[in-house]
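Fold and contact review
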2 protein chains.
Amino acid sequence: MSVLTTINQRKHFGGTQTRLEHASAVLGCTMRFSVFLPPQASNGQRVPVLYWLTGLTGTDENFSTKSGAQRVAAQLGLALVIPDTSPRGEHVPNDEAYDLGQGAGFYLNATQAPWQKNFQMFDYITCELPSLIEQNFPVNDKRAISGHSMGGHGALMIASKLPQRFVSVSAFAPIANPMRCPWGQKAFSAYLGDDQQDWKAYDTVELLKAHGLSLPMLVDTGTADEFLEKQLNTDALIAVAVKLPNARVRYQDGYEHSYYFVSTFMEEHLRFHATYLLA
Amino acid sequence: MSVLTTINQRKHFGGTQTRLEHASAVLGCTMRFSVFLPPQASNGQRVPVLYWLTGLTGTDENFSTKSGAQRVAAQLGLALVIPDTSPRGEHVPNDEAYDLGQGAGFYLNATQAPWQKNFQMFDYITCELPSLIEQNFPVNDKRAISGHSMGGHGALMIASKLPQRFVSVSAFAPIANPMRCPWGQKAFSAYLGDDQQDWKAYDTVELLKAHGLSLPMLVDTGTADEFLEKQLNTDALIAVAVKLPNARVRYQDGYEHSYYFVSTFMEEHLRFHATYLLA
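The sections below set out a description of the structure shown in this document. Think of each chain on its own: its residues are numbered from 1, step by step along the sequence as written. Written order determines the labels here, with chains lettered from A and ligands numbered from 1. Note on the predicted model: pLDDT of at least 70 is required for a residue's local features to be given, and 80 or more for side-chain atom pairs to be given and counted; whole-chain, interface and lining totals, by contrast, use all residues. The basis for the side-chain values is all heavy atoms of the structure; hydrogens and waters are excluded.

1. Re the nonpolar core
The nonpolar core is taken to be a set of buried Ala, Val, Leu, Ile, Met, Phe, Trp, Tyr and Cys residues, with the residues joined through side-chain atoms within 4.5 Å. The buried label applies to any residue whose accessible area, calculated with a 1.4 Å probe on protein chains only, is under 20% of its type's maximum; exposed applies above 50%, and partly exposed to all values in between. Ranked by internal contacts, the top residues of the largest apolar core, which has 97 residues, are Phe106, Tyr191, Met217 and Leu237 of chain A. By definition in these notes, contact holds between two residues if any of their heavy atoms fall within 4.5 Å. Setting aside residues no more than four positions away along its own chain, tyrosine 191 of chain A makes contact with Leu100, Gly101, Ala104, Gly105, Phe106, Leu108, Ala110, Thr111, Gln112, Trp115 and Phe119 of chain A.

What follows is the structure, given as structure tokens:
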């Protein structure tokens, strides 16, 4: 098992915000992540966990500093686990563009050189990280997952593929149909190769079309989102979501793509997840 | 009058977060600041204003992205005005250290070369900026002031010198007695010269000793603050505050110096100010 090293720890809303690092066997590099434990977790109580997946170019720090989630998580008694967006390091392949390589892992398992050795984010997020969390922190077996933009894609895609692992899923401005937008086409062709059949295994709209989803699902996207038209394919998500029993996909009037949007609706998403995490 | 240019504008908690810039006559450079207007301000209503002063090395963006203040300001109907921490630009004097020059204006009017031409932050914060705000935004004449660290010093010092301008003052981890700590001694000697009599005009503890303060005042500092012992002089502030009619200075157990601390107590500070701003 990886040894966890604490980088820093801060009291926050009565709970504890901790940044840690560990040697990831799955990714072949040192990985950082952050954990927020609510005050309830220091009383010997095991608490449920929301996993948060960050967008392109981000790290665990974007959500940790800008989302305002800890205030609500402290009230509700939820742990928050916030991984990085890709493997990192000088020996890890990279690309000069912001939307490929480090900071842009797309939460999938790469099959193509030079990426396939390190870019195994799907396995990291669904296996190695939760195993570490569940062995080292006072959490129970209730998990939810959410994320923003590339991380919204990650959350919806992962919940679609492993619905038994989660009680609920949500997303903010997700890249909902990556095989039909420039960001996704660039990443999928680099990480997965040219056969678009292989892309469908990581595409939310395709997964939902093929398998449905009975999990409660909540998605918000702003009408002033600067990536709405070219990258997000929200209408394609709506078209498939209307056939699901527990899915709501909403447009939020006038909001754009940043954490000014995310933080505005964070409390509502956390209370949505808490309905199921605390049930 | 300066012309205001909008750099960006984002919907946030139903209100509007705007970043602007203008040519400052007082500071002799282009200055950026941010304004949050709550939803109430778009209904033709004039709202009261909280001015926020940021700490060393910061800009208007620290508070704007990390404090969580807009959520509460939107509920209460408060505008937030967030200036930068110093004059800026290639032609503006600077120092290699993080605690002198750009990013470290200490909210005073410098008298010494090379600083005195641009480093007139006291006049900027108390004259030029509020004049701009009151001419360009739907605000009324109720003002409060708060800040963090160097900005906590600024808020307490400015409210002590101009109590008639504000209805209330608060601070997070303020540098309360700058003439008795390394940060303050370095800055005051550079900006104000070697005569310590001149320093007293910008030192909160000295101002409160000399003139008292009848304004409601709330100060929070964490017991785990890494600057508590050497820089903040909180005990000296407590010693003078206990003689004031409306002052509370509190230690918060286990909290350190960052916005993880600030955001934890932000709602309580805003509700404290709202008691007077909305009276």
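2. Quick word on the interface of chain A and chain B
Each side of the interface is counted separately: chain A has 20 residues, and chain B has 20 residues. By definition, the buried area sums, over both parts, the 1.4 Å-probe accessible area that each loses when the two are put together. In total, chain A and chain B occlude about 1,800 Å² of area from one another, counting both sides; carbon and sulfur atoms represent 55% of this. We define a salt bridge as a side-chain nitrogen of Lys or Arg found within 4 Å of a carboxyl oxygen belonging to Asp or Glu. Between the two partners, chain A and chain B, sit two salt bridges. Note that glutamate 256 of chain B is salt-bridged to arginine 10 of chain A, the shortest N-O span being 3.4 Å. Helix and strand assignments follow DSSP, with helices taken as H or I runs no shorter than four residues and strands as E runs no shorter than two, numbered in order from the N terminus. Among the elements of the structure, strand S1 (5–12), helix H1 (60–66), helix H2 (69–76) and helix H10 (259–277) of chain A are those that each provide at least two residues to the side of chain A that touches chain B. Examining the composition of the side of chain A that touches chain B, we find that four residues originate from one element, H10 of chain A, more than from any other. Residues that form the side of chain A that touches chain B fall into these classes: three nonpolar, 10 polar and seven charged. Three categories are distinguished: nonpolar for Ala, Val, Leu, Ile, Met, Phe, Trp, Tyr, Cys and Pro, charged for Asp, Glu, Lys and Arg, and polar for the others, with Gly belonging to the last.

3. Observations regarding the sheet that holds strand S2 (residues 15–24) of chain B
Residue and element names in this part refer to chain B. The sheet built from nine strands is open, its strands ordered S1-S2-S3-S5-S4-S6-S7-S8-S9 with mixed pairing. In this open sheet, the two strands that pair with only one neighbour each are strand S1 (5–12) and strand S9 (247–252). For this sheet, the mean angle separating the axes of adjacent strands, direction not counted, is 20°. Whether two strands pair comes down to DSSP finding at least two bridges between them. Pairing between strand S7 (residues 168–172) and strand S8 (residues 217–222): four bridges, direction parallel. Bridged to phenylalanine 172 within S8 is aspartate 220. With axes taken as lines fitted to C-alpha atoms, and helix axes fitted only over the stretch in contact, angles between N-to-C directions fall between 0 and 180 degrees.

4. Things to note about the relation of the copies chain A and chain B
Mapping chain A onto chain B leaves a residual RMSD of 0.0 Å; the transformation is a rotation of 180° accompanied by 0.0 Å of translation along its axis. Both copies of the chain, as the preceding transformation shows, are related through a two-fold rotation axis. It is lysine 66 of chain A whose C-alpha, among those of chain A, lies nearest the rotation axis, at 2.5 Å. By residue overlap, the copies meet face to face through one surface: 100% of the interface positions of chain A are interface positions in chain B. Least-squares fitting of one copy onto the other uses the C-alpha atoms of those residues that reach a pLDDT of at least 70 in both copies.

5. What to know about the pairing of strand S3 (residues 29–37) of chain B
Two faces make up the sheet, and in a regular strand the side chains alternate between them. Residue and element names in this part refer to chain B. Of all nine residues making up S3, seven are buried, and the element is well covered by its neighbours. Here nine bridges tie S2 to S3, and the two strands are oriented antiparallel to one another. Paired with threonine 16 across the strands is leucine 37, a residue of S3.

6. A word on the sheet that holds strand S4 (residues 47–53) of chain A
Within a beta sheet, neighbouring strands are joined by backbone hydrogen bonds and run either parallel or antiparallel to one another. Residue and element names in this part refer to chain A. Strand order in the open sheet formed by nine strands is S1-S2-S3-S5-S4-S6-S7-S8-S9, with mixed pairing between adjacent strands. Single-partner strands in this sheet number two, and they are S1 and strand S9 (247–252). Going across the sheet, the axis of each strand differs from the next one's by a mean of 20°, ignoring polarity. This element, helix H3 (residues 121–136), spans strand S2 (15–24), strand S3 (29–37), S4, strand S5 (79–83) and strand S6 (139–147) of the sheet and lies at about 55° to S3.

7. Quick notes on the packing of aromatic side chains
Centre-to-centre distance and the angle between the planes together describe a pair of aromatic rings. Stacked, tilted and edge-to-face are the three classes applied to pairs of Phe, Tyr and Trp rings, where Trp contributes its six-membered ring and a pair requires centres within 6.5 Å; stacked means planes under 30 degrees apart, edge-to-face means over 60, and tilted covers the rest. Tallied over the full model, the rule gives 28 aromatic pairs over all chains. Summarising the aromatic geometry, the rings of phenylalanine 272 of chain B and tyrosine 276 of chain B are spaced 5.5 Å apart at their centres and angled 70° between planes, so their arrangement reads as edge-to-face. In this pair, phenylalanine 272 of chain B and tyrosine 276 of chain B both sit in helix H10 (residues 259–277), four residues apart, roughly one turn of the helix. Here the aromatic residues Trp52, Phe63, Phe172, Tyr255, Phe261 and Phe265 of chain A are joined through ring pairs into a cluster of three or more. Counted as over-ring charges are cases with an Arg CZ or a Lys NZ within 6 Å of the ring centre that also lie within 35 degrees of the ring normal. Across the ring face of phenylalanine 122 of chain B, the terminal group of lysine 161 of chain B is positioned such that the distance to the ring centre comes to 5.5 Å.

So far we have only geometry, and geometry alone does not tell us how the molecule works.
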